[in-house]
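# Close look at the chain arrangement
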Amino acid sequence: MFYREAGDFKTSYRADSQTFPIRLDRMGYFAALIVAYAVVPFFIDDYWANAVFVPFLIYAIAAIGLNILVGYAGQVSLGTGGFMAVGAYAVYKLMTTFPEVPFFFHVILAGGVTAFVGVLFGLPSLRIKGFYLAVATLAAQFFLVWLFNKVPWFYNYSASGQITAPDRTMFGIYITGAQTSAVAKYLFCLVILTLVALMARNLTRGTVGRKWMAIRDMDIAAEIIGVNPLSAKVTAFAVSSFFIGIAGALLFSVYLGAAEVGESFGINKSFLVLFMVIIGGLGSIFGSFAGAAFLVLLPVFLKNVLVGALGWPTDVAAHLELMIVGALIVIFLIVEPHGLAQLWRIAKEKLRLWPFPH
Amino acid sequence: MKKSFAALAAAALVATAAPALADLTVPNLSYRTGSYAANGIPYADGFADYFTLLNERDGGIGGEMVAVPECETAYNTEKGVECYEGTKGQAALAYNPLSTGITYQLIPKVTADHHVLYTPGYGRTSAANGSVFEWVFNYPANYWDGASVAVKYLLDQSGGDLSGKKIALVYHNSAYGKEPIRTLEELAKKHGFELSLLPVDPPGQEQKSQWLQIRRDKPDYVLMWGWGVMNQVAIQEAVNIRFPMENFIGVWWSGSENDVGPAGDKAMGYKSISFHGVGDEFPIYADLKQYVFDPGKAAGAGDNLGNVLYSRGMYAAMIISEAIRTAQEMAGHSAVTPEEVREGFENLNLTQERLTELGLPGFAQEIHATCADHGGPGSAMILQWDSSTKKWSAVSDWITSDADVLDPLIAEDSAAFAAESGITPRCN
């Protein structure tokens, strides 16, 4: 009744092919942006920023990046943690070597470095597919973690092998370091996430994205109709790693402030981001947000309910939390293998017909 | 209308802030799950039980009850940050995260937010320099002290000369395990022994290749910087290659009952460093039994009484409570703020007489902290495991670390931190 395309006339191609063709969707999108930019910053405190919003925003960037590779281009990757580490160490080296350059550019450059590394490790994808490619990217994960542990140049020869983000400001406001306010952290990540999401959305519905999807659906057919697999796969790896590198750079510099490669960017991180993509929905930008929200918010929520509200012992709560999250993942995959994005899609389909489905 | 809304908001703020101010809050950032749980549980129990004892027996510290909210970190830095952010609003007086990784993250945060970070025997070694690390304390001993004490003990064992000997370091490949390397390299130069480094990737269930290398190289001594499941595996592997246990020394985090247990009788003679006494013969255990265990108020399963890590958790709690007590005496009131507690830590004067009063005679070394000295005496002793009686016993007296080697290293590392974060050293 309210949610419908009837009566929403388009008079130009531009209007016809916009991201949100239905007016209510469009209004929802702008409302979400207004809430995110103009309402949340007034209410956010350190706990909400550091436990909920900042990790959610950063993991959403990583999930969008991985979704491009796995969901759109169909190339399975288990190297996300390693690529995030590349972003983190790149931003660390840039921050300490060129302290006068604005931090924003360091983050973008770190993404660029990661894109380059991603392309290197993506080259084998021209010859190997499926599980074999997954194993090759797994090798990238272990190799990169080993490299950052082994070569002291990457961590500026610090005694402990830890990298610590120095204080950096933008327009006189701290973005990294301990003096950063919750609002600054949140807004900085939010701006980058918005840029990334817009870029990803527009890439995936243009030529590049269509090439990726052609390769994903059937690579031989795609090649026959004139899609160059080299450029399609390499661009997928480059764009995906670019976003993942940005996420890694933010995770280290804005969120954690100090990191150690094995602990922060281990294989667990690769699986976490992959779960986000699978639970959220492969091949969907909205799915990346939903998956990141699910896996970041649920443990924090459960912990606060079980320990904070019910007063259970922390170890029981922690174990129960693992069980509940695990069970929910299995249930989701059985009930809706296409993820939260598909649930959202079905809900919208039903809403269009509501209240007269016949 | 506007005014009444503001009044309401203010009232709500006061209402939420008030209960937090009633108690002295010392959060317990513990881990009872994950691959480090075997070591995290006894420590967390000891920490919580000591404060429970103070609350039950003395009515808290200086008449103020102590609240010890527990937060599970699973030794994970991201969860550690969440725990810190979640508890810092309750005017937390001191943090003791029992993780070097989390410590590194918290050092800049506590410095900005003004909370004490107390890291006995772990964390960033150069925090011993109080003129740079205003809010961080790591007395009584740090990793570099541990490395130096181990080498001094080995010197003593081999008749004062280590030249030409081979010492292998098996370490947790993380910030924690890498800490002693710098010191050991300096000591290798000074004493002429050959140091070989064998990193074990966390969590450390897989160590076959490292121990094969030890079997091939035949080092005279093996030192270990391990934690969690890595300790048990390493001791088992050492048994498997028949490495002489008395030449195998773990740092204080690699010497608990849980670590030697799985290797059974074969672990006989394994040594570890410790900066406090162990066992349940101290008079305080009578009180613990009366006020905490018998009424069923013990933390966790209550089965860790007197073991090494329980004692260490208790040690940390004892130091924090003594610092709070000192702060109360200095401030002249009992509801102390984090700033006042920092003063208490900095002026802590822990004597043997005081330890005897606390029911812990000879449990630890004296501490006389100053503005510049946040590192304490830096001495430790060597314990040896007897698998027939299932007990640790001291095989050395207190050994003091080699300040000639350590002091320049600490000065260098803390100066680097000061330059990095723009801190002007104080205490002049």
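Along every chain, residues carry numbers that run from 1 in the direction the sequence is written. The lettering of chains begins at A and the numbering of ligands begins at 1, in the order of writing. Residue-level local features of this predicted model are given only where pLDDT is at least 70; pairs of side-chain atoms are given and counted only at 80 or more, and the full residue set underlies all totals for whole chains, interfaces and linings.

Looking at an unreviewed UniProt entry, one finds chain B named Amino acid/amide ABC transporter substrate-binding protein, HAAT family, with Rhodobacter aestuarii as its source organism. UniProt positions are given in the numbering used here, feature names are shortened, and annotations may be inferred rather than shown by experiment. The UniProt entry for chain B carries the following text under Sequence similarities (unreviewed entry): "Belongs to the leucine-binding protein family."

The name given to chain A in an unreviewed UniProt entry is Amino acid/amide ABC transporter membrane protein 2, HAAT family, and the organism recorded there is Rhodobacter aestuarii. If you open the UniProt record of chain A and go to Subcellular location (unreviewed entry), you find "Cell membrane".

Once that is clear, we can look at the overall build of chain A. Counting its regular elements, chain A contains 15 helices and four strands. Along the first, second and third principal axes, the C-alpha set of chain A runs to 70 × 55 × 45 Å. Every C-beta atom is placed from the backbone, and the number of other C-beta atoms within 10 Å of a residue's own sets its class: buried at 20 or more, exposed at 12 or fewer, partly exposed in between. Within chain A, buried positions represent 46% of all 358 residues. Residues are treated as contacting if the C-beta atoms built from their backbones sit within 7 Å of each other. For chain A, long-range pairs separated by at least 24 residues make up 76% of all intrachain contacts whose partners lie at least 6 apart in sequence. Helix and strand assignments come from DSSP, with helices taken as H or I runs of at least 4 residues and strands as E runs of at least 2, each series counted from the N terminus.

Moving on to the overall build of chain B. Along its length, chain B carries 15 helices and 17 strands. The quantity called the radius of gyration is restricted to C-alpha atoms. Its globule counterpart is 2.2 Å times the number of residues to the power 0.38. Radius of gyration (C-alpha) of chain B: 22 Å, near the 22 Å computed for a compact globule of 428 residues. With the C-alpha coordinates of chain B rotated into their principal frame, the extents come out at 80 × 50 × 40 Å. Across chain B, the fraction of contacts at a sequence separation of at least 24, relative to all contacts at a separation of at least 6, is 70%.

Turning next to the interface of chain B and chain A. Residue-level contacts link 32 residues of chain B with 27 residues of chain A. Elements with a minimum of two residues in the side of chain B that touches chain A: β4 (70-72), α3 (77-88), α4 (100-113), α6 (175-178) and α15 (403-421) of chain B. Tallying contributions element by element places α4 of chain B first for the side of chain B that touches chain A, with seven residues. Under the scheme applied here, ten amino acids are nonpolar (Ala, Val, Leu, Ile, Met, Phe, Trp, Tyr, Cys and Pro), four are charged (Asp, Glu, Lys and Arg), and all others, including Gly, are polar. The class makeup of the residues in the side of chain B that touches chain A is eight nonpolar, 11 polar and 13 charged.

A word on the pairing of strand β16 (residues 391-394) of chain B. Residue and element names in this part refer to chain B. Between any two strands, pairing holds if DSSP finds at least two bridges. Bridge analysis of strand β15 (residues 379-386) against β16 gives four bridges, and the strand direction is antiparallel. Bridge assignment links Gln384 to a residue of β16, and that residue is Ser393. In this structure, the hairpin formed by β15 and β16 is closed by a connection of four residues, where Lys390 is found at a positive phi of approximately 55°.

Residue and element names in this part refer to chain B. Relative to the helices and strands, Val132 is located in the loop between β6 (116-118) and β7 (136-137). Taking the C-beta count within 10 Å as the criterion, Val132 has 26 such neighbours and is therefore assigned buried. Taking the C-alpha atoms as reference points, Val132 and Cys371, separated by 239 residues in sequence, lie 9.9 Å from one another.

Residue and element names in this part refer to chain B. Taken together, three strands build an open sheet; the order of strands is β5-β6-β7 and the sheet is parallel. Across the chains shown, the open sheet's two edge strands, defined by having one partner strand only, are β5 (94-95) and β7. Note that β5 and β6 share two bridges and pair parallel. Residue pairing in the sheet places Ala94 in a bridge with Val116 of β6. Axis lines are fitted through C-alpha atoms, for helices just across the contact stretch, and the angle between N-to-C directions can take any value from 0 to 180 degrees. Relative to β6, helix α13 (residues 338-346) is tilted by about 40°, and along the sheet it contacts β5, β6 and β7.

What follows is about the UniProt feature "domain: Leucine-binding protein" (unreviewed entry) in chain B. Residues given the UniProt feature "domain: Leucine-binding protein" (unreviewed entry) here are residues 25-388 of chain B. Secondary structure content for residues 25-388 of chain B is 42% helix and 15% strand, and the end C-alpha separation is 42 Å.

Turning our attention to the packing of helix α13 (residues 285-309) of chain A against helix α15 (residues 339-353) of chain A. Residue and element names in this part refer to chain A. Look at α13 against α15: their axes get within 7 Å of each other, and the N-to-C directions meet at 120°. Classified by chirality, the crossing of α15 by α13 is right-handed. Here Phe286, Gly287, Ala290, Gly291 and Phe294 of α13 lie close against α15, whose contacting residues are Gly339, Leu340, Ala341 and Trp344. Residues that form the contact of α13 with α15 fall into these classes: six nonpolar, three polar and no charged. In this scheme the crossing of two helices becomes right-handed for a clockwise turn of the near helix relative to the far one and left-handed for an anticlockwise turn of less than a right angle.

Moving on, we come to unusual backbone geometry. All names here are of chain B. With omega at 15°, the peptide bond leading from Tyr139 into Pro140 counts as cis. Structurally, the position occupied by Pro140 is in the loop between β7 and α5 (143-157). For the peptide bond that leads from Pro202 to Pro203, omega is 0°, which places it in the cis range. Positionally, Pro203 belongs in the loop between β9 (194-200) and α8 (208-217). Residues other than glycine seldom take positive phi values, yet Ala74 does so here, at roughly 55°. Overall, Ala74 belongs to the buried group, with 21 C-beta atoms counted inside 10 Å.

As a further point, take helix α7 (residues 182-204) of chain A. Count 3.6 residues to each turn of an α-helix, and residues three or four apart come out pointing the same way. Helix span, as expected, comes to 1.5 Å for every residue beyond the first. In this model α7 of chain A runs 32 Å from its N-terminal to its C-terminal C-alpha over 23 residues, within 8% of the 33 Å that 1.5 Å per residue would give. Buried residues of α7 of chain A: Ala184, Lys185, Tyr186, Leu187, Phe188, Cys189, Ile192, Leu193, Val196, Ala200 and Thr204 of chain A, and no others.

Before going further, it helps to examine the UniProt feature "transmembrane region" (unreviewed entry) in chain A. All names here are of chain A. UniProt's entry tags residues 27-44, 50-69, 101-123, 130-148, 183-200, 236-259, 271-296 and 316-335 with the feature "transmembrane region" (unreviewed entry), counted in the numbering of this structure. Secondary structure over residues 27-44 splits into 94% helix and 0% strand, and the C-alpha atoms at its two ends are 24 Å apart. End-to-end, the C-alpha atoms of residues 183-200 are 25 Å apart, and along that stretch the chain is 100% helix and 0% strand.

We now examine the nonpolar core. Take the buried Ala, Val, Leu, Ile, Met, Phe, Trp, Tyr and Cys residues, join any whose C-beta atoms are within 7 Å, and the set you get is a nonpolar core. Judged by nonpolar contacts, the single largest core of 234 residues is most densely connected at Ile58, Ile61, Ala88, Ile246 and Leu250 of chain A. Looking at this core, the element that brings in the most residues is helix α3 (residues 46-72) of chain A, giving 17 residues. Both domains that furnish three or more residues to this core are identified here as domain 1 (20-142 + 279-378) and domain 2 (143-277 + 381-407) of chain B. Throughout the structure description, domain borders are defined by an automatic or database domain assignment.

Residues and elements named next belong to chain B. The assigned domain composition of chain B is domain 1 (20-142 + 279-378) and domain 2 (143-277 + 381-407). Centre-to-centre, using C-alpha coordinates, domain 1 lies 26 Å away from domain 2. Opposite the 27 residues of domain 1 that make contact, domain 2 presents 26 residues. Broken down by secondary-structure element, the contributors of at least two residues to the side of domain 1 that touches domain 2 are α2 (37-58), α4 and α12 (308-331). Grouping the constituent residues of the side of domain 1 that touches domain 2 by class yields 13 nonpolar, 13 polar and one charged.

All names here are of chain A. Relative to the 40 Å expected for 28 residues at 1.5 Å per residue, helix α10 (residues 229-256) spans 38 Å between its end C-alpha atoms, a close match to the ideal helical length. A residue's bend is given by the angle between axes fitted to the 7 residues ending at it and the 7 residues starting at it. A bend of about 30° at Leu250 is the largest found in α10. Taking burial as the measure, the 28 residues of α10 include 23 buried ones, the bulk of the element. Positioned one or two residues after α10, Gly257 has a phi angle of 85°, which is positive.

What follows concerns the pairing of strand β12 (residues 271-274) of chain B. Residue and element names in this part refer to chain B. Residues Lys271 and Ile273 line one face of β12 and the alternating positions Ser272 and Ser274 line the opposite face, and both faces are buried. With two bridges joining them, strand β11 (residues 248-250) and β12 adopt parallel strand pairing. When the bridges of β12 are listed, Ile249 appears paired with Lys271.

All names here are of chain A. One can describe the packing of α3 onto α10 by two numbers: an axis separation of 8 Å at closest approach and a directional angle of 165°. Between α3 and α10, the crossing angle belongs to the class labelled roughly antiparallel. Judged by the twist between their axes, the crossing of α3 over α10 is left-handed. Contacts from Val54, Pro55, Ile58, Ile61, Ala62, Ile64, Gly65, Leu66, Ile68, Leu69 and Tyr72 in α3 reach Ala236, Phe237, Val239, Ser240, Phe243, Ile244, Ile246, Ala247, Leu250, Leu251, Val254 and Tyr255 in α10. For the contact of α3 with α10, a count of residues per class yields 21 nonpolar, two polar and no charged. Convention used here: angles under 35 degrees read as roughly parallel, angles over 145 as roughly antiparallel, angles from 65 to 115 as roughly perpendicular, and any remaining angle as oblique.

So, about the environment of Leu138 of chain A. All names here are of chain A. Structurally, Leu138 is set in helix α6 (residues 130-150). A count of 17 C-beta atoms within 10 Å places Leu138 in the partly exposed class. In this structure, the C-alpha to C-alpha distance between Leu138 and Lys350, residues 212 residues apart in sequence, is 41 Å.

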